[in-house]
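Understanding the architecture of this molecule
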Amino acid sequence: MKYFLKTYGCQMNIHDSEFISGVVEEMGFFPSPPDEADLIILNTCSVRDRAEQKVRTYLGDLKKIKSKNPRLVIGVMGCMASRARDYLERLNFLDFLLGPTQIESFPAVLSGVLKNKGISPPRVSLPFKYKRADKISAYVNITLGCSNFCSYCVVPYVRGRERSRPPEEIIEEIKDLSGCGFLEVILLGQNVNAYGKEIPGWSFERLLEKIAEIDGIQRIRYTTSHPRDFTKSLVLKIKNLPKVCEHFHLPVQSGSNKVLESMNRGYSREEYLDLVSFIREEVPVSSITTDLIVGYPEEGEREFLETVDLMERVKFDHAYILTYSPRPGTSAFSLGDPVPSSEKERRLHFLQEKQRQHSLFRNLPLKGETLEVLVEGKDPKGNLIGRTRTNKEAFFRGEESLLGKLVRVKIEEVTPWSLKGKEL
Ligand code: SF4
């Protein structure tokens, strides 16, 4: 039996798909192209309207495939299975829908659907293993859901309120990963630095400390942080834990206090800039990246220029910049979508160009430096690709035997997006 799994959206979804693949392969399915598959699963994202549109279009194609092959099983998982449930329930060719908070019931639901189709899945062993994308770097969930209710975001509605996984469970999982040879873990959650709020005696700082004690793990990364919960004490903890990488992803979203307040972000531009200065002072060899939204309903030209000004002050290493997309059910939905698309595009391109200049500004001083790179793969031209501790992509010529190793690379060329060098 064959399966096809398509994943949309964020790292949380990519990691959920590692679980989904692990389950179906344990049940005896092999990966295949969609037109040969007996089982097709879409792991969807609702953060932006465009992501949902792509799924709707693809579902149109799947309807045609299913009309020719009625035994085909099709399931929709991920955020759309919660947010757009009414719409999906009307599509009578779908066999199951499972939102992100129901993912643990996936093995039982899939077994039931297959039995109804007359397919008996083989008995499978528990616990199900994630099918990890590689043997070098592994995602590990530490928090699930979010309780922040940023005005534009559907996550608290589709992934539920914030919960921290028990620390013992996380530590056991990472010990296992280390035993399997993984060198790097990426701790995942919508707001990782809020970890442990509901577990007496635990905090994100303590969790980092405990993970850093695990032999074999060489690098610890985490995503995503919330600037409001990123304390100076956490900056100092990271500074003093050599395994924790010096990359600070701090989604600012806007440089305008008026917009930040309307977004319910819980910090001001002054507090954000103060945190950035503290990081640069305490961890000078580090990178700071961000997320930005342009065209939020309350963003006029003045507020937009405040964002440009904040970018000029920080000069981020990298920024993920998106245009605002109103999402039904969020509090900002009632504000409408007054900024015309053409104006959103203008602001987007302006910030993208600004960011290109800033990324180059941050990368230029790295020319001639020797950096530690964890080798993760190969590009089509035969270069090895890896990441520096500051999460910059680095390319260099080298033997395939270096895959999965930490190597020292002398940087010879830089662009805004990557570094190129040679192994020392
Ligand atoms: S912190 Fe805000 S933007 Fe991030 S997931 Fe939670 S509600 Fe959404």
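Residues numbered from 1 in each chain as written. Predicted model: local features only at pLDDT ≥ 70, side-chain atom pairs only at ≥ 80, totals over all residues. Heavy atoms only, no water.

Comments concerning the site of the ligand
Every residue lining the ligand is accounted for by Cys146, Asn148, Phe149, Cys150, Tyr152, Cys153, Val155, Pro156, Gln190, His226 and Arg265. Looking at side-chain class alone, the shell around the ligand contains seven nonpolar, three polar and one charged residues. (Near = heavy atom within 4 Å. Nonpolar A, V, L, I, M, F, W, Y, C, P; charged D, E, K, R; others polar.)

Looking at the domain arrangement of the protein
Interface size is often expressed as the accessible area that is lost when the parts come together. Domain boundaries in the protein define domain 1 (2-116), domain 2 (132-245), domain 3 (278-365) and domain 4 (367-423). Domain 1 and domain 4 are separated by 36 Å when their C-alpha centres are compared. (Domains from an automatic or database assignment.)

Some details on the pairing of strand β15 (residues 384-388)
By the criterion of burial, β15 is predominantly enclosed, with four of the five residues buried. As paired strands, strand β14 (residues 370-378) and β15 are joined by five bridges and run antiparallel to one another. Its bridge partner lying in β15, lysine 378 is registered against leucine 384. The pairing of β15 with strand β16 (residues 393-397) spans four bridges and is classified as antiparallel. Within β16, the position partnered with glycine 386 by the bridge is alanine 394. Where β15 folds back on β16, the antiparallel hairpin that results is connected by four residues, among which asparagine 391 adopts a positive phi of roughly 70 degrees. (Buried < 20%, exposed > 50% of the residue type's maximum accessible area, 1.4 Å probe, protein only. Helix = DSSP H or I, 4+ residues; strand = E, 2+ residues; numbered from the N terminus. Pairing = 2+ DSSP bridges.)

Examining the environment of proline 340
The topology assignment puts proline 340 in the loop between β13 (318-323) and α13 (341-363). Residue proline 340 is classed as partly exposed on the basis of its relative accessible area of 47%. Residues proline 340 and proline 297 lie 43 residues apart in sequence; the distance between their C-alpha atoms is 9.9 Å.

Some points on helix α9 (residues 232-240)
When α9 is considered as a whole, its buried residues turn out to be Leu234, Val235 and Ile238. Looking down the long axis of α9, one finds its buried residues gathered within 105 degrees of arc, a one-sided arrangement. On its buried face, α9 is in contact with α8 (204-212), β10 (219-223), β11 (247-249) and α11 (269-282). (Arc of directions from axis to C-beta. Contact = heavy atoms within 4.5 Å.)

A look at the packing of α11 against helix α12 (residues 301-314)
The contact between α11 and α12 brings their axes to 11 Å, and the two run at 10 degrees. Classified by the interaxial angle, the pair formed by α11 and α12 is roughly parallel. Handedness of the α11/α12 crossing: right-handed. Where α11 abuts α12, its residues Arg269, Tyr272, Leu273, Val276 and Arg280 lie against Glu306, Asp309, Leu310, Arg313 and Val314. Across the contact of α11 with α12, the residue classes tally to five nonpolar, no polar and five charged. (Axes fitted to C-alpha atoms, helices over the stretch in contact; angles between N-to-C directions. Parallel < 35°, antiparallel > 145°, perpendicular 65-115°, else oblique. Left-handed = near helix turned anticlockwise from the far one by under 90°.)

Some points on the packing of α8 against α9
Their axes nearest at 10 Å, the elements α8 and α9 cross at an angle of 10 degrees. For the element pair α8 / α9, the angle class is roughly parallel. Judged by residue contacts, Phe204, Glu205, Leu208 and Glu209 of α8 engage Ser233, Leu234, Lys237 and Ile238 from α9. The residue inventory of the contact of α8 with α9, partitioned by class, reads four nonpolar, one polar and three charged.

Focus: the side chain of histidine 358
Following the sequence through the fold, histidine 358 ends up in helix α13. A polar side-chain atom of histidine 358 sits 3.3 Å from a polar atom in the side chain of glutamate 312. When residues no more than four places from it in sequence are discounted, the contact partners of histidine 358 are Met311, Glu312, Lys315 and Phe316. (Polar contact = N/O pair within 3.5 Å; in protein donor to acceptor, adjacent residues only side chain to side chain.)

Considering the pattern of salt bridges
In this structure the tally under the stated criterion is 38 salt bridges. A salt bridge links arginine 347 to glutamate 299, with the shortest nitrogen-to-oxygen separation between them at 2.7 Å. Note that arginine 347 is positioned in helix α13 and glutamate 299 in the loop between β12 (287-294) and α12, a separation of 48 residues in sequence. As far as burial versus exposure is concerned, arginine 347 and glutamate 299 are alike and both buried. What you see here is one network of salt bridges that share partners, running through Asp49, Glu52, Arg56, Arg83 and Arg327. (Salt bridge = Lys/Arg side-chain N within 4 Å of Asp/Glu carboxyl O.)

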